[in-house]
Amino acid sequence: MKTNKLNIFLSFTVLIVFQSCMKYEKADLVVHNAKIYTVNGEFEIAQAMAIKDGIIVAIDKEREIMNKYRSDEFFDAQTRPIYPGFIDGHCHFLGSGLNWLAVDLSKTKSKEDIVGEIIGHNMHNNELEWVVGFGWDENNWTDKTINNDLLNKEFPKMPVLLWRIDGHSLLVNDAAIRKVNPSSEIINGIVTEKDISLFVNKIDYTEEQKKMALTFSQNECFKNGITTVSDAGLTVNEVKLIQNQYANYDLDIRMYGMLYSSEEILNIYKKNGKDSTDKLNVNSIKIVIDGAVGSKTACFKKPYKETNEYGKLLVTKDSLLQIAKFCYANDLQLNAHCIGDSAVKITLEIMGSVLKTQNDRRWRIEHAQAVDTKDLDKFLKYSIIPSVQPTHGIDDFKMALNKLHKYSFLNSYKVKTLLDQNGIIIFGTDFLVADKNPMVTFYNAVVRNRKDGSSSSVLSSEKVTRKEALNAMTFWAAMGNKQENNRGSLEVGKYADFVILDRDIMKVEEKDILKTQVKYTFVDGELVFEQ
């Protein structure tokens with residue numbers, strides 16, 4: 001008995017000595033008791049990770065991490081699923097934020113409804129010089145005639161500017177036209193792409209309003225688990241404002257900014273070269289090749305249904321070629337907005353004439369909404385990445401069916417087919433045009449039913465798997481931004497940007513995907529949203 005007690009005592013003593021000699025590594029945060037989708041090359045699932053200075057320093061099984069790391073803060077995920085922070089591959093971050101000052105017209109059913117919404121809005125915002133609204137869609141009106149007669153009657157002196165749902169045309173009243181005094185004639189108050197900037201530039205948002213807009217938009221993104229946004233169109237002054245917000249530590253979200261092509265932008269790149277920090281990357285040029293289906297300005301090979309209208313190109317082929325050559329010479333990404341199959345074809349050909357072969361430039365076709373099967377091979381041939389918005393195919397299905405030639409419609413809203421070209425596709429939302437919730441994007445990519453829940457072969461034939469959808473919202477989106485070395489997956493050496501959901505979207509029934517809630521969002525290992 002004495003021998004047994006002595007052995008127990010000695011064993012206990014050895015254990016204490018052994019533990020005291022162990023060298024634990026220090027972390028700022030240890031996240032454990034989780035199901036972590038790393039989205040690495042092997043799509044491994046881990047249980048815990050250690051974070052120091054905003055970077056993942058270890059990710060492994062629970063036992064491995066808990067036995068190796070000590071931290072002032074341990075976060076018990078309570079077996080919930082964790083994913084890399086979602087990346088919105090195409091959105092309008094600043095524009096969405098500014099809409100906190102605007103009237104939401106997305107649910108209006110008539111021009112009378114629009115007037116009613118404006119009057120209600122003005123009661124609480126009577127200090128604004130302009131009335132700005134967004135989201136109207138004549139396809140939802142009982143009388144589908146577009147004109148500004150009622151706006152002129154109700155608002156004879158105050159300028160009114162109302163964005164169509166697709167962001168490619170405006171409805172303005174005569175007071176706004178007088179304020180801008182455009183050289184071209186504005187008929188019935190309808191402003192098309194070539195004149196939009198004349199009107200928008202007259203709206204003088206204050207510096208404070210723009211700062212508040214950025215904060216508002218960031219908070220909305222964090223609520224949805226979005227940690228990186230790709231803003232699809234910024235000006236020089238807007239970039240300066242955003243840089244200032246980062247410098248003052250007023251923004252935490254990461255941003256990939258596409259700069260609208262202009263002579264000023266090109267001269268800046270010539271003089272200063274590329275510009276990038278851990279939070280802001282502005283090394284891409286955005287060029288808008290055509291318009292949108294809703295306003296019949298997207299450029300197609302076949303005419304719109306029951307018309308002789310094909311849409312139109314908003315840039316000349318020579319201008320596009322010169323910009324492509326500039327981007328190539330200065331190692332910039334070129335991201336081209338293309339909706340119609342004719343616009344896609346022309347852009348692929350001009351990009352290809354500069355790129356010549358497969359490459360790692362990662363030029364992009366934004367939207368790629370309609371692609372003729374004859375042109376699909378050019379994505380692979382020139383390593384051009386499609387950047388699509390799965391929700392558009394659902395939201396616009398009825399409208400596109402009514403407006404497009406059958407040939408154009410059958411070539412529209414491809415997802416799986418585009419993915420199969422290069423083995424990579426980027427998912428975004430185009431918010432504020434569509435819902436920014438990544439769960440809606442995920443659902444519309446893997447389920448692809450019409451809004452009423454019914455199926456359609458045009459949609460269902462282009463479904464992707466859940467693994468592919470998650471990649472398109474994380475790692476592939478990071479690749480599309482040339483940022484996969486520091487984000488897009490949860491791996492050692494990468495930013496600790498991650499989201500914790502209340503259910504596992506990789507496993508739950510399809511009907512439960514849209515019920516998913518974000519519980520926590522982290523950026524740099526810091527909690528930025530808690531439900």
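For the structure, see preceding data.
All figures in this text were calculated on a predicted structure; none of them were measured in a lab.

Scoring rules and cut-offs
Residues numbered from 1 in each chain as written. Predicted model: local features only at pLDDT ≥ 70, side-chain atom pairs only at ≥ 80, totals over all residues. Heavy atoms only, no water. Pairing = 2+ DSSP bridges. Helix = DSSP H or I, 4+ residues; strand = E, 2+ residues; numbered from the N terminus. Contact = heavy atoms within 4.5 Å. Axes fitted to C-alpha atoms, helices over the stretch in contact; angles between N-to-C directions. Salt bridge = Lys/Arg side-chain N within 4 Å of Asp/Glu carboxyl O. Buried < 20%, exposed > 50% of the residue type's maximum accessible area, 1.4 Å probe, protein only. Disulfide = S-S within 2.5 Å. Patch = residues over 30% accessible without salt bridge, like charges linked within 9 Å, V, L, I, M, F, W, Y side chains within 5 Å. Areas by Shrake-Rupley, 256 points an atom, 1.4 Å probe, with all protein chains shown as cover.

Chemist: What exactly am I supposed to notice about the sheet that holds strand S14 (residues 170-172) here?
Modeler: Strand pairs in the sheet, formed through backbone hydrogen bonds, run parallel or antiparallel to each other. Read from one edge to the other, the open sheet built from 5 strands follows the order S11-S12-S13-S14-S15, with strand pairing classed as mixed. In this open sheet, the two edge strands, each paired with only one partner strand, are strand S11 (103-104) and strand S15 (190-191). Summarising the sheet, strand S13 (residues 160-164) and S14 pair through 3 bridges and their orientation is antiparallel. Residue pairing in the sheet places Trp163 in a bridge with Leu170 of S14. Contacting S13, S14 and S15, helix H7 (residues 193-200) crosses the sheet at an angle of about 140° to S13.

Chemist: Any chance you could explain the pattern of salt bridges here in plain terms?
Modeler: According to the stated counting rule, one finds 29 salt bridges in the structure shown. Asp72 is the partner of Lys26 in a salt bridge, and the nearest nitrogen-oxygen pair spans 3.0 Å. One end of the pair, Lys26, is in strand S1 (residues 25-27); the other, Asp72, is in the loop between strand S7 (69-71) and strand S8 (74-76), and 46 residues separate them in sequence. Overall, the relative accessible area of 43% leaves Lys26 in the partly exposed class. Looking at Asp72, the relative accessible area reads 72%, which means it is exposed. When salt bridges that share partners are traced, they join Asp137, Glu138, Arg164, Asp166 and Lys403 into one network.

Chemist: Any chance you could explain the state of the cysteines here in plain terms?
Modeler: Simply put, the disulfide is a covalent bond whose two ends are the sulfur atoms of two cysteines. Applying the stated rule across the entire model yields 0 disulfides. Here Cys91 stays free of any disulfide, with the sulfur of Cys221 as its closest cysteine sulfur at 6.2 Å. Lacking any disulfide linkage, Cys327 is separated from the closest cysteine sulfur, that of Cys338, by 14 Å. Judged by its relative accessible area of 0%, Cys327 falls in the buried class.

Chemist: Is there a simple way to think about the environment of Phe475 in this case?
Modeler: With respect to the helices and strands, Phe475 occurs in helix H21 (residues 475-480). Here the alpha-carbon distance between Phe475 and Lys107, two residues 368 residues apart in the chain, equals 35 Å. Leaving out residues up to four positions away in the same chain, Phe475 has contacts with Val39, Glu484, Gly488, Ser489 and Lys494.

Chemist: Please explain a nonpolar patch on the surface as it appears in this structure.
Modeler: Together, Trp100, Met212 and Phe216 line one region of the surface with nonpolar side chains, adding up to about 270 Å² of accessible area. Mapping Trp100 onto the fold places it in the loop between helix H3 (93-98) and S11.

Chemist: I keep staring at the sheet that holds strand S22 (residues 426-427) and nothing clicks. Help me out?
Modeler: Taken together, 8 strands build an open sheet; the order of strands is S10-S16-S17-S18-S19-S20-S21-S22 and the sheet is parallel. Among the strands making up the open sheet, the edge pair consists of strand S10 (86-91) and S22. Of the pairings in the sheet, the one linking S10 to strand S16 (residues 226-234) comprises 4 bridges and is parallel in character. Directly across from Ile87, in S16, lies its bridge partner Thr228.

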